[in-house]
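Descriptive analysis of the structure
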Amino acid sequence: ANPKMPIISYAQNASYNLGYFVPILFLFALISSSRKKVPSVLWHYLALTAALLISVSQKYERFLIILLPAYAIISAIGFMGIYRISKKLGAILLIATILLSSAIIYYNIKDVSLESHNTEILLDATNFAKQSACEGIITNSTKHFTFFADKKTIGYPATEQEFLKLAEDQNISCFAIDSFHGLPTYRKFINDTYKIIYANSSGNKFVYVYKK
């Protein structure tokens, strides 16, 4: 019942997330004779899994992690293909790969540290909700609020009308909106209608808790 998200969601920061030069190795394996060395089960796995990811309503970059094992193996086969035909340039290719990989690992570690800090604001919001008088919460971060806030939680329905009916039927007076797990399309209505009782942000991440 969540709002549909475009397939382009998977392509955000694609070159950075995929390692810049690694897509080149993957494409080389795809278009060169190296593809004959890729087990057919990997191609089928990639195709079927990609189709499943496209079919889900919410699309996040992190969902692509399920494709990484096959992606890494095929890219490695592409690397070996380039390495063999480069002959004397093989050592240079190897050194360049090590340097680029090290740089990517370094920046990914920085990103993980930043994301850890960002997630703290979501956990702080769940702690606030736990201490509040809210009997239940409508939120897209259902697992976080269920576990850490120890409250009844329900995900946002697709439309404003369904939201109002759900809140009335379930007697829920608190609503959380955050940028971690998708935003309802009627966010402006919630912001204009209900009182903000909690607000926090970090970088491009934010969490708001509203009450009737």
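Relevant structure appears above.
Figured I'd write up the structure that's included with this text. Predicted model only: the values in this text are computed from it and were never measured.

**Here's the deal with the packing of aromatic side chains**
Applying the stated criterion across every chain, the model contains 14 aromatic pairs. Considering the side-chain rings of F26 and W43, the 6.4 Å spacing of their centres and the 65° angle between planes classify their relative orientation as edge-to-face. A residue pair is termed long-range when its members are at least 10 positions apart, and F26 in helix α2 (residues 22–31) and W43 in helix α3 (residues 40–55) qualify at 17 residues. Under the relative-accessibility criterion, F26 is labelled buried at 16%.

**Observations concerning a nonpolar patch on the surface**
A contiguous nonpolar surface patch, about 350 Å² in accessible area, is contributed by Y45, I65, I66 and L68. Mapped onto the elements, I65 comes out in the loop between α3 and α4 (68–86).

**Details of the sheet that holds strand β3 (residues 174–178)**
Strand order in the open sheet made by the 5 strands is β2-β1-β3-β5-β4, with mixed pairing throughout. At either margin of the open sheet sits one strand with a lone partner, and together these are β2 (152–154) and β4 (195–202). Direction aside, the axes of adjacent strands within the sheet are offset by 20° on average. Two elements, β4 and strand β5 (residues 205–211), share 7 bridges in a ladder whose sense is antiparallel. Looking at the pairing, N200 lines up with V207 of β5. Running over the sheet, helix α7 (residues 160–169) touches β1 (136–138), β2 and β3 and is turned about 175° from β1.

**A closer look at the state of the cysteines**
Across all of its chains, the model carries 1 disulfide by this definition. Each sulfur in the disulfide pair C134 and C174 lies 1.8 Å from the other. Taking the torsion about the S-S bond as the criterion, the C134 to C174 disulfide, at about -70°, is left-handed. Within this pair, whereas C134 is found in the loop between α5 (90–131) and β1, its partner C174 is found in strand β3, the two being separated by 40 residues in sequence. Relative accessible area serves as the criterion here: at 2%, C134 is assigned to the buried category. By relative accessible area, which is 0% here, C174 ends up buried.

Procedures and definitions
Residues numbered from 1 in each chain as written. Predicted model: local features only at pLDDT ≥ 70, side-chain atom pairs only at ≥ 80, totals over all residues. Heavy atoms only, no water. Phe/Tyr/Trp six-rings, centres within 6.5 Å; stacked < 30°, edge-to-face > 60°. Helix = DSSP H or I, 4+ residues; strand = E, 2+ residues; numbered from the N terminus. Buried < 20%, exposed > 50% of the residue type's maximum accessible area, 1.4 Å probe, protein only. Patch = residues over 30% accessible without salt bridge, like charges linked within 9 Å, V, L, I, M, F, W, Y side chains within 5 Å. Areas by Shrake-Rupley, 256 points an atom, 1.4 Å probe, with all protein chains shown as cover. Salt bridge = Lys/Arg side-chain N within 4 Å of Asp/Glu carboxyl O. Pairing = 2+ DSSP bridges. Axes fitted to C-alpha atoms, helices over the stretch in contact; angles between N-to-C directions. Contact = heavy atoms within 4.5 Å. Disulfide = S-S within 2.5 Å.

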